[in-house]
Amino acid sequence: MLAYFGPSGTFTEQAARGFATPQQELVPFDTVPAALAATRRGETEASCVPVESSVEGAVPATMDALTEDEPLVAVAEAVLPVRFSVLKRPGDEPVRTVASHPHALAQVRHWLAEHLPDADVVATTSTSAAARAVLRGEFDAAVSAPVAVRHYPLEVLATDVADVRDAKTRFLLVRRPGPLPEPTGHDRTSVVCTVGDRPGVLADLLAELALRGINLTRIESRPTKDRLGEYRFYVDLDGHVAEPRVGDALAGLHRHCQQIRFLGSYPKAEPGGTPAGNDEFVAAAGWVAAVREGKDA
Ligand SMILES: O=C(O)C(=O)C[C@]1(C(=O)O)C=C[C@@H](O)C=C1
């Protein structure tokens, strides 16, 4: 079974369908932590969760939930174009309230200001939770995934709605730790680092990547929730932990961190960036091994 951030009709369901094998049952959960908890319990083999939007940035619920409790590791990612449908109950009632996931509302802010300027905007746990609430009469309209209208008998007030035309959202498929995906040459590695508060600590982390020619593709800080001003750093980089250069760099990060959690090495959904070439690293490791055995100098 494959858990996903639901309920049914979310963009995450769409991403989960792309990951699922024909035999896998998809199981919706109302929140990201609930979906991940099902995989941590072994109830589902994996979970599909949203991790970042090209417009609104990281999904905080996912970033926090991946660092709490037992580790989960990403084994794949998907990137979906995100364009919304605005759904309402059939009939001529005026739209006084419009609801959706905060990331969705952020991506249609201008459209709402232009087309529903007098509607109150309300955040819900997901886009499909908003559609369900409209069906129950709690709100007048929902900003949803186009697929939601197949699950909920609502009328399409507008479709293909997006302030940013090529907006995309990235999703992860996560499992409990186990055998890693094979390196493909176009991989991403994700870690989350908790560091002490000392001058230059972030520079030390970044130096471990820069000195090895590793391309950093994302770094975000999130509060640890323990103390004001204490952060975790989420780092994405090009390469796979199985590659000597990346493995060396992660060992370097480990030395600088109070805590570090490996969040996965997995194929990029949209290959690109700088594969962490390893030939010189393999040659260098071979030379050091030979020197240690007295066979070279
Ligand atoms: O609520 C949904 O439909 C989701 O899948 C979540 C989510 C997100 O967290 O970014 C996914 C894609 C869109 O950016 C809007 C919402």
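Residues numbered from 1 in each chain as written. Predicted model: local features only at pLDDT ≥ 70, side-chain atom pairs only at ≥ 80, totals over all residues. Heavy atoms only, no water.

- Per an unreviewed UniProt entry, the protein chain is named Prephenate dehydratase, and its organism is Saccharothrix xinjiangensis.
- UniProt, in the comment section headed Pathway (unreviewed entry), describes the protein chain in these words: "Amino-acid biosynthesis; L-phenylalanine biosynthesis; phenylpyruvate from prephenate: step 1/1."
- Under the UniProt heading Catalytic activity (unreviewed entry), the note attached to the protein chain is "prephenate + H(+) = 3-phenylpyruvate + CO2 + H2O". (UniProt positions renumbered as here; feature names shortened; annotations may be inferred.)

1. Observations regarding the overall build of the protein chain
Then, in step 1: Helix and strand counts for the protein chain come out as ten helices and 15 strands.
Then, in step 2: When the backbone C-alpha atoms are referred to their principal axes, the protein chain occupies close to 85 × 45 × 35 Å.
Then, in step 3: When each of the 297 residues of the protein chain is scored for burial, the buried share is 50%.
Then, in step 4: Across the protein chain, the fraction of contacts at a sequence separation of at least 24, relative to all contacts at a separation of at least 6, is 76%.
Then, in step 5: For the protein chain, the accessible area works out to roughly 14,000 Å², and carbon and sulfur atoms hold 54% of it. (Helix = DSSP H or I, 4+ residues; strand = E, 2+ residues; numbered from the N terminus. Buried < 20%, exposed > 50% of the residue type's maximum accessible area, 1.4 Å probe, protein only. Contact = heavy atoms within 4.5 Å. Areas by Shrake-Rupley, 256 points an atom, 1.4 Å probe, with all protein chains shown as cover.)

2. A short note on the packing of helix 2 (residues 32–40) against helix 3 (residues 60–67)
Then, in step 1: Their axes nearest at 9 Å, the elements helix 2 and helix 3 cross at an angle of 30°. Considering the angle they form, helix 2 stands roughly parallel to helix 3. Note that helix 2 runs across helix 3; the crossing there is right-handed. Side by side, helix 2 and helix 3 meet where V32, P33, L36 and R40 of the first sit next to A61, T62, A65 and L66 of the second.
Then, in step 2: When its residues are assigned to classes, the contact of helix 2 with helix 3 shows six nonpolar, one polar and one charged. (Axes fitted to C-alpha atoms, helices over the stretch in contact; angles between N-to-C directions. Parallel < 35°, antiparallel > 145°, perpendicular 65-115°, else oblique. Left-handed = near helix turned anticlockwise from the far one by under 90°. Nonpolar A, V, L, I, M, F, W, Y, C, P; charged D, E, K, R; others polar.)

3. Section: the UniProt feature "domain: ACT" (unreviewed entry) in the protein chain
Then, in step 1: When the UniProt feature table is mapped onto this chain, "domain: ACT" (unreviewed entry) is found at residues 190–267.
Then, in step 2: Secondary structure over residues 190–267 splits into 29% helix and 38% strand, and the C-alpha atoms at its two ends are 11 Å apart.

4. Observations concerning helix 2
Then, in step 1: Within helix 2 the residues assigned to the buried category are V32, A35, L36, A38, T39 and R40.
Then, in step 2: Turning to helix 2, the residues buried within the fold contact strand 1 (2–5), strand 2 (26–29), strand 3 (46–53), helix 3, strand 11 (168–175) and strand 15 (259–267).
Then, in step 3: With a side-chain oxygen lying 3.1 Å from the backbone nitrogen of A34, the N-terminal cap of helix 2 falls on T31.
Then, in step 4: Count one or two residues on from helix 2 and you reach G42, which has phi positive near 85°. (Polar contact = N/O pair within 3.5 Å; in protein donor to acceptor, adjacent residues only side chain to side chain.)

5. Description of the site of the ligand
Then, in step 1: Taken together, 13 residues are adjacent to the ligand, and F11, T12, Q107, T127 and T169 come closest.
Then, in step 2: Measuring from an oxygen atom of the ligand, one finds a side-chain N or O atom of T127 at 2.5 Å.
Then, in step 3: Against a free-state accessible area of 360 Å², the protein chains account for coverage of 100% of the ligand.
Then, in step 4: Within the residue set of the shell around the ligand, elements represented by two or more residues are helix 1 (11–19) and helix 4 (102–107).
Then, in step 5: Looking at the shell around the ligand residue by residue, the class counts come to five nonpolar, eight polar and no charged. (Near = heavy atom within 4 Å.)

6. Considering the confidence of the model for the protein chain
Close inspection of predicted coordinates is inappropriate in any region flagged by low pLDDT.
Then, in step 1: The predicted model of the protein chain averages 94 in pLDDT, with 98% of residues at 70 or higher.
Then, in step 2: Taken over the whole predicted complex, pTM reads 0.92, whereas the ipTM for its chain interfaces reads 0.97. (pLDDT = per-residue confidence, 0-100.)

7. Remarks on the pattern of salt bridges
Then, in step 1: Scanning all chains against the criterion turns up 22 salt bridges.
Then, in step 2: Between D160 and R165 there is a salt bridge; the shortest N-O distance is 3.5 Å.
Then, in step 3: Residue E293 is joined to K295 by a salt bridge in which the shortest nitrogen-to-oxygen separation is 2.9 Å.
Then, in step 4: You can call E293 exposed: its relative accessible area is 51%.
Then, in step 5: When salt bridges that share partners are traced, they join E52, E77, R170, R188, R218, E220 and D236 into one network. (Salt bridge = Lys/Arg side-chain N within 4 Å of Asp/Glu carboxyl O.)

8. Comments concerning the packing of helix 9 (residues 244–256) against helix 10 (residues 279–292)
Then, in step 1: Two elements in contact, helix 9 and helix 10, have axes separated by 8 Å at closest approach and are oriented at 75°. Compared by their axis directions, helix 9 and helix 10 come out roughly perpendicular. Here P244, R245 and D248 of helix 9 lie close against helix 10, whose contacting residues are E280, F281 and V282.
Then, in step 2: Classifying every residue of the contact of helix 9 with helix 10 by side-chain character gives three nonpolar, no polar and three charged.

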